[in-house]
Amino acid sequence: MTVHPDLRSTSPAARPASPDLLRSAFRHHAAGVAVITASGARPAGFTATSLTSVSADPPMVSFGVGTGSSSWPVLAEAAHIGVHVLRDDQRELAATFARSGADRFAPPTRWRTGPHGVPVLEGVLAWLVCRVAALVPAGDHRLVLAEAVAGGVADDPDGGPLVYHQGRFHTLPPAS
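Residues numbered from 1 in each chain as written. Predicted model: local features only at pLDDT ≥ 70, side-chain atom pairs only at ≥ 80, totals over all residues. Heavy atoms only, no water.

J.: Quick question: what am I supposed to make of the pairing of strand β5 (residues 59-66) here?
T.: Moving residue by residue along a regular strand, the side chains alternate between the two faces of the sheet. With respect to burial, β5 is a largely interior element, 6 of its 8 residues being buried. Pairing of strand β4 (residues 52-56) with β5, which is carried by 4 bridges, proceeds in the antiparallel orientation. Along β5, the bridge assignment pairs A56 with P59. The turn joining β4 and β5, which pair antiparallel and follow one another in sequence, is formed by 2 residues. Taken together, the 7 bridges between β5 and strand β10 (residues 141-153) define a ladder with antiparallel strand orientation. (Buried < 20%, exposed > 50% of the residue type's maximum accessible area, 1.4 Å probe, protein only. Helix = DSSP H or I, 4+ residues; strand = E, 2+ residues; numbered from the N terminus. Pairing = 2+ DSSP bridges.)

J.: For this particular structure, what's the right way to read the nonpolar core?
T.: Buried together is how nonpolar side chains tend to be arranged in soluble globular proteins. Grouped together as the largest cluster of nonpolar side chains are 19 residues, with contacts concentrated most on I36, F46, F63, L75, I81 and C130. Elements that contribute at least two residues to this core include exactly β2 (34-38), β3 (44-48), β5, α2 (72-77), β6 (80-85), β9 (126-138) and β10. Ignoring any residue separated from it by four or fewer positions in sequence, one finds F63 in contact with I36, F46, S50, L51, L75, I81, R142, L143 and V144. One finds V35, F105, L121 and W127 within the second-largest nonpolar core, a separate group that totals 15 residues. (Core = buried A, V, L, I, M, F, W, Y, C linked by side-chain atoms within 4.5 Å. Contact = heavy atoms within 4.5 Å.)

J.: Would you mind going over unusual backbone geometry with me for this structure?
T.: Glycine aside, residues mostly have negative phi, and peptide bonds are mostly found in the trans state. Of note, the amide linkage connecting D57 to P58 takes the cis form, showing an omega dihedral of 5°. Structurally, P58 is set in the loop between β4 and β5. Cis geometry marks the peptide bond from P107 to P108, where omega comes out at 15°. Of note, P108 is situated in the loop between α3 (91-98) and β7 (111-113).

J.: Got a minute to help me understand the side chain of S62 in this structure?
T.: Along the chain, S62 turns up in strand β5. The contact partners of S62, leaving out residues within four places of it in the chain, are S50, L51, T52, V54, L143, V144 and L145.

J.: Any chance you could explain the pattern of salt bridges here in plain terms?
T.: Oppositely charged side chains can form a pair if their charged atoms are brought close together. Evaluated as defined, the whole model comprises 4 salt bridges. Its salt-bridge partner being R23, residue D20 comes within 2.9 Å of it at the nearest N-O pair. Of this pair, D20 and R23 both sit in helix α1 (residues 19-26), 3 residues apart, which is roughly one turn of the helix. (Salt bridge = Lys/Arg side-chain N within 4 Å of Asp/Glu carboxyl O.)

J.: I would appreciate a short explanation of the packing of aromatic side chains in the present structure.
T.: Note on aromatic pairs: each is described by the distance of the centres and the angle between the planes. Per the stated rule, a full pass over the model turns up 4 aromatic pairs. Consider the rings of F46 and F63, whose centres lie 6.0 Å apart with planes at 55°: the pair is tilted. You can see F46 sitting in strand β3 and its partner F63 sitting in strand β5, a full 17 residues away along the chain. F63 matches F46 in its accessibility class, with the two residues each being buried. (Phe/Tyr/Trp six-rings, centres within 6.5 Å; stacked < 30°, edge-to-face > 60°.)

J.: Explanation requested: α3 in the structure shown.
T.: In an α-helix, one turn spans 3.6 residues; hence positions three or four apart end up facing the same way. Buried residues of α3: L93, A94, T96 and F97, and no others. Seen along its axis, α3 keeps its buried residues to an arc of 160°; they face one direction. Opposite the buried face of α3, at more than 90 degrees from it, the exposed residues are E92 and A98. (Arc of directions from axis to C-beta.)

J.: What is the right way to look at the sheet that holds β2 in this model?
T.: For sheets, the rule is that strands pair by backbone hydrogen bonds, running either parallel or antiparallel. Taken in spatial order, the 7 strands line up as β3-β2-β6-β9-β10-β5-β4 in an open sheet, and their pairing is antiparallel. A strand with exactly one partner marks an edge of an open sheet, and here the two such strands are β3 and β4. Between one strand axis and the next, the sheet turns by 30° as a mean value, whatever way the strands run. The pairing of β6 with β9 spans 6 bridges and is antiparallel. The partner of H84 across the bridge, within β9, is W127. On the sheet, α3 packs against β2 and β3 and is oriented at approximately 115° with respect to β3. (Axes fitted to C-alpha atoms, helices over the stretch in contact; angles between N-to-C directions.)

Okay, structure coming up:
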């Protein structure tokens, strides 16, 4: 079989799958930035780019969390968690919750105790408090499935989302 020259693949050669290959591939995938919070002896939280809407009825979301992360022990025991969609001016907040060893809930982080005792961050585009429905083993992570039980959306329609691409936080141009 002859392939027309214009139809030849320009994709790079195949490599065996590895953690480095997966990380390299996903650097090209732009993702929304969220912060996940939970309450325990101390509040815990982390920055996530794996947040996904799963179902509208019942309203469910999912995200991945590393079992080696400092937040995992609190999340593993939590009945409810907070999901926060960050706005384009919250790069520092995203960086704080991504930083290992940081006191993520110390000033300048603004937060309050929300429904079911979950830490709710102030000034975000949207937030949900969710009941943890399942923790699914997935390699060195757990996939968390959670059903929304309460939440809120910012009144400011001009606030855009924070996105993550190529290892950096970015903003989207204003919607027209």
